[in-house]
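Observations on the three-dimensional arrangement
These are the residues of each chain, in order.
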Amino acid sequence: MDFVLLPIVLLAAFLNGYGIWNDQYANSYYTTAVGSMLSNFHNFFYASLDSAGSVTVDKPPVVFWIQTAFAYVFGLHGWSVILPQVLAGIGSVLLIYFMVKPTYGLAAARISALAMATVPVVAAVSRTNNIDSMLVFTLLLGSWFLFKGSKQNSAWRILVAFGLIGLAFNMKMLQAYMILPAFYLFYLLAFQAKWRRKIILMIGSTAVLAVVSLSWAVTVDSIPEDERPYIGSSETNSVMELAFGYNGLARLTGQQNTSGNAGMPNGIGQGNNRGSRGDSTSAPNQTDSGVPGAGRDVNAPDTDNPNASGTNTMGGMNGLNGNFPNGQMPNDMEMPNGRNFGGNGGGGMGGMFGTGEKGPLRLFQTELSGQASWLMPVVLLGCIAIFAGLRRRNITNKHKEALFWLAWLLPVAAFFSVAGFFHQYYLIMLAPPLAALTGAGFVAMWKLYRDRTGWQAWLLPVSVLLTTLFGWYIMQVYDDTIGAGWSVSELIAGILVTVILVVMLHRTHRWKQGFIIAGFMVMLIGPIYWAFTPITYGGNSMIPAAGPTGSNSMFGRAGMGMPMGNGAGDTEMPATGGRGGMGNRNEEVDTATLNYLKEHNTGETYLFATTDYNQAAPYIIDEKAAVITLGGFSGSDPVYTTEELEELVKSGQVKYFMVGGMGGRGGNSEITDWIKEHGTEIPTSEWKTGTDSGSMDNGDTGNRAGFGFGGQTTLYEVKL
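What comes next concerns the included structure. Just so it is clear, the model here is predicted, and its values are computed rather than measured.

Reading the values: rules and limits
- Residues numbered from 1 in each chain as written.
- Predicted model: local features only at pLDDT ≥ 70, side-chain atom pairs only at ≥ 80, totals over all residues.
- Heavy atoms only, no water.
- Helix = DSSP H or I, 4+ residues; strand = E, 2+ residues; numbered from the N terminus.
- Buried < 20%, exposed > 50% of the residue type's maximum accessible area, 1.4 Å probe, protein only.
- Areas by Shrake-Rupley, 256 points an atom, 1.4 Å probe, with all protein chains shown as cover.
- Phe/Tyr/Trp six-rings, centres within 6.5 Å; stacked < 30°, edge-to-face > 60°.
- Core = buried A, V, L, I, M, F, W, Y, C linked by side-chain atoms within 4.5 Å.
- Contact = heavy atoms within 4.5 Å.
- Expected span 1.5 Å × (residues − 1).
- Arc of directions from axis to C-beta.
- Axes fitted to C-alpha atoms, helices over the stretch in contact; angles between N-to-C directions.
- Parallel < 35°, antiparallel > 145°, perpendicular 65-115°, else oblique.
- Left-handed = near helix turned anticlockwise from the far one by under 90°.
- Nonpolar A, V, L, I, M, F, W, Y, C, P; charged D, E, K, R; others polar.
- Salt bridge = Lys/Arg side-chain N within 4 Å of Asp/Glu carboxyl O.
- Patch = residues over 30% accessible without salt bridge, like charges linked within 9 Å, V, L, I, M, F, W, Y side chains within 5 Å.
- Polar contact = N/O pair within 3.5 Å; in protein donor to acceptor, adjacent residues only side chain to side chain.

Before going further, it helps to examine the overall build of the protein. From N to C terminus, the protein includes 27 helices and 7 strands. With 720 residues in all, the protein has 62% of them scored as buried. For the protein, the accessible area works out to roughly 25300 Å², and carbon and sulfur atoms hold 59% of it.

Before going further, it helps to examine the packing of aromatic side chains. Enumeration over the complete set of coordinates arrives at 44 aromatic pairs. With a centroid separation of 5.7 Å and an interplanar angle of 70°, the aromatic rings of Phe186 and Phe404 are classed as edge-to-face. Taken together, the residues span a long stretch of sequence, with Phe186 in helix α10 (residues 180-190) and Phe404 in helix α16 (residues 397-418) at a distance of 218 residues. Each member of the pair, Phe186 together with Phe404, is buried. With a centroid separation of 5.8 Å and 50° between ring planes, the pair formed by Tyr529 and Trp530 is classed as tilted. For Trp530, a relative accessible area of 1% corresponds to the buried category. Clustering of aromatic rings is evident, with ring pairs tying together Phe147, Phe162, Phe183, Tyr184, Phe186, Phe404, Trp405 and Trp408.

With that out of the way, let us pick up unusual backbone geometry. Its identity as a non-glycine residue notwithstanding, Ala26 has a phi of 55°, on the positive side. With a relative accessible area of 0%, Ala26 lands in the buried category. Although it is not a glycine, Lys624 sits at a positive phi angle of roughly 55°. Residue placement: Lys624 occurs in the loop between α24 (613-623) and β2 (627-629). Classification of Lys624 by relative accessible area gives exposed; the value is 56%.

Now for the nonpolar core. Soluble globular proteins tend to bury their nonpolar side chains together. One finds Trp405, Trp408, Met429, Leu430, Phe442 and Ile675 to be the most contacted residues of the largest nonpolar core, which totals 167 residues. In terms of residue count, helix α17 (residues 431-451) provides more of this core than any other element does, 13 residues in total. If we ignore the near neighbours within four places in the chain, the residues touching Met429 are Leu135, Val136, Leu139, Gln175, Met178, Ile179, Trp408, Val412 and Phe416. Counting residues in hydrophobic clusters, the runner-up holds 15 residues, among them Leu607, Ala616, Tyr656 and Ile682.

On to the environment of Ser92, then. Within the secondary structure layout, Ser92 lies in helix α5 (residues 78-104). For Ser92, a relative accessible area of 2% puts it in the buried group. Distance from Ser92 to Val136, taken between C-alpha atoms, is 7.3 Å for residues 44 residues apart in sequence. When near neighbours in sequence (up to four residues on either side) are disregarded, Ser92 contacts Met116, Ser133, Val136, Phe137 and Leu140.

What follows concerns helix α20 (residues 485-503). Taking 1.5 Å of rise per residue, 19 residues should cover 27 Å, and α20 covers 27 Å from first to last C-alpha, within 8% of that figure. Within α20, the full set of buried residues consists of Ser487, Glu490, Leu491, Gly494, Val497, Thr498 and Leu501. Looking down the long axis of α20, one finds its buried residues gathered within 140° of arc, a one-sided arrangement. Seen from the open side of α20, the exposed residues pointing more than 90 degrees away from its buried face are Ile492 and Leu496. Considering only its buried residues, α20 is in contact with α17, α18 (459-476), α19 (479-482), α21 (512-523) and α22 (525-536).

This part covers the packing of helix α8 (residues 132-152) against helix α9 (residues 155-172). Between α8 and α9, whose axes approach to 7 Å, the crossing angle comes to 170°. Considering the angle they form, α8 stands roughly antiparallel to α9. Our pair here, α8 against α9, has a crossing hand that is left-handed. For the contact of α8 with α9, a count of residues per class yields 16 nonpolar, 5 polar and 4 charged.

With that out of the way, let us pick up α22. Its 12 residues give α22 an end-to-end C-alpha distance of 15 Å, which sits within 8% of 16 Å, the value for a rise of 1.5 Å per residue. Counting buried positions along α22 yields 9 of 12 residues, so the element is predominantly enclosed. The complete set of buried residues in α22 reads Gly526, Pro527, Tyr529, Trp530, Ala531, Thr533, Pro534, Ile535 and Thr536. Phi turns positive, to about 90°, at Gly538, one or two residues after α22.

Before going further, it helps to examine the pattern of salt bridges. Should the charged atoms of two oppositely charged side chains come close, the side chains can pair. As enumerated under the stated definition, the model contains 8 salt bridges in all. When the shortest N-O distance is used, the salt bridge between Lys655 and Glu717 registers 3.7 Å. Here Lys655 is found in the loop between α25 (642-650) and β3 (656-660), whereas its partner Glu717 is found in strand β7 (residues 711-718), with 62 residues between them in sequence. Each member of the pair, Lys655 as well as Glu717, is classed as buried. Three or more residues are tied together by salt bridges with common partners; here these are Lys655, Glu717 and Lys719.

To continue, consider the packing of helix α4 (residues 62-74) against α5. Across the interface, α4 lies against α5 with an axial gap of 8 Å and an inter-helix angle of 125°. It follows that α4 is oblique to α5 by the angle criterion. α4 and α5 meet at a crossing whose hand is right-handed. Between α4 and α5, the residues in contact are Val63, Ile66, Gln67, Phe70, Ala71 and Phe74 and Trp79, Ser80, Val81, Leu83, Pro84, Gln85 and Leu87, respectively. Counted by class, the contact of α4 with α5 contains 10 nonpolar, 3 polar and no charged residues.

Side chains of Trp458, Val462, Leu466, Leu469 and Val502 sit close together on the surface and give an oily, nonpolar patch of about 380 Å² of accessible area. Ranked by residue count, the leading element in the nonpolar patch is α18, at 3 residues. Among the secondary structure elements, Leu469 is positioned in helix α18.

Positionally, Asn540 belongs in the loop between α22 and α23 (591-599). In terms of polar contacts, Asn540 uses its side chain to reach the backbone amide nitrogen of Met542, at 2.9 Å. In this structure the side chain of Asn540 is engaged in a polar contact, spanning 2.9 Å, whose partner is the backbone nitrogen of Ile543.

Turning to its location among the elements, Ile96 is positioned in helix α5. Ile96 sits in the buried class, given a relative accessible area of 0%. Those residues in contact with Ile96, other than ones at most four positions away along the chain, are Ser112, Ala113, Met116, Leu140, Trp405, Pro432 and Ala436.

Lys655 sits in the buried class, given a relative accessible area of 8%. A polar side-chain atom of Lys655 sits 3.5 Å from a polar atom in the side chain of Thr602. Filtering out sequence-adjacent residues up to four positions away, Lys655 remains in contact with His600, Thr602, Glu604, Tyr716, Glu717 and Val718.

This next bit is on the environment of Gln476. Examined against the element boundaries, Gln476 turns out to sit in helix α18. Sequence separation between Gln476 and Val488 is 12 residues; the distance between their C-alpha atoms is 8.0 Å.

Set out below in structure tokens:
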């Protein structure tokens, strides 16, 4: 047993897991789905967002199946749905260690494991119920099988490796395929067999990849639309279209539809709302979930918004400040790091989420560099050291594995350098190759330095200097928040260690190895500090990001941390009720609302239906109540027609409708108009608690409408 590995694993466990018990809802979009999936197999299989099984989440179900299993065993809590990702983050550290050790040695394995544990974005994502930590673990597990299969000429291990990539596709679709260039390259270089057998096995592996990848999607798409939920955030009610559209090409181009919106309500940052999304309609019909016509592909109403122009307005939110408290966007319209919410910094959607300007240096810009880029100088110079002795007839396993990690790193880095839309936490995809190449490269430079191998011996001190300079560049932007001591200390320490290493280059000293280790630890000052920020400054469960302002994303903090730091208070978001990240704008369960709906329920199947899943979330999660969401994540999915709503009411399945919430969330204006036309508005004083501080006057009715974060909430009773 390697006793040095133990504290590294414990560090990873602390960074990933400390305080998760304080996150009540985590990413409530996903937690709500888990709550619905616990109710029956229909919802479980499809990863249904609501109790009625009417619309799915916008991702495949595998990770949610795992989270549901944990929730079934431990109960549905924020921490129970986060726990699988915590374990996946720890597992990734171990996999990196065991993949690096056989070829590059014990020291490289330890360094790589420590680097993986302290990549800031890994810590930020692994302490939420977002998919990416589990995705990376699965990709690494597939890579481990690929390495083993290639070294042992084991065909079944190769098949398993490609099958695991297919499994990862059923976690986050095309994002899993980003490492396929590395898989095919390494297989062709490392698998020792005659070309005929090698090609046949590669074809077979590709077939396994395709079958596993498309198994769920093809199954779901082959089921009649009136017998399954609507595919959330898709344009055509198709999993395949979702995979290659919203979760595929649209990520590169940045042309997002208004149903998915990547985590934003009703098209934030979008120039246009969606028009018609379906070409077929059919009469209401009872589904397996007990909802007439649930999930049918229908003609969506025209939802053009007068505020939706070519500029970055917030589509369904009545302009930039229409329904926010006091007419003010959170954080004064600023993204983390003080970037303007709708500015030109990133070009379209990219800049809106603080991802910098497109270009070859995007990953080195302030907006993104703090997530995963800290050790890139070490990786660059380390690769020079690894390949310095490469000869045409002397390609070793070290070279082949380094090529594998580079073939993972470079396409992913290239994608994020030009992508039109992504979130900062997607950069977790960079963590495994950066960690592996850090360990392998640093040890290679260490040996060249020790052996005084000409100009190559200078790579180690230069890497220490460049990496600490880069760390200072990242940290100094936040000096007003964290104090200048951190950035200045790293800079001074890095320069000092570099000078010592240069002086000792041609000398023998018993402390020489100690200073080399010190050089590496100095380079980790910045990453380690940033990896702790989700704990020390609070995290964001919806759009996690590391850094002193990472909790600010757009709408709230996770409440999992221990807020501290010089000036951190200036960056806090307004309190919004429920605990969790941006996904938890919803209030917690309102006892008055719950009691009113239960007391006035006359046998209806569903407690209420809502245009905003955030309104449904606490009731599904905490109360296990049966609630319908009428429009999926953004509120604009054409899940129901007015005829189907009428049938729901007439059949006695639902009579209460909650309209509003996140700026009047619910892009389907025809549905909202139908509810208002046929419903009777219930005075807020009868069903909602605390209207003095979270409400506003409704001039049309004289009643005081319930006021959730960012907009009015109105309860209607519909009787037909």
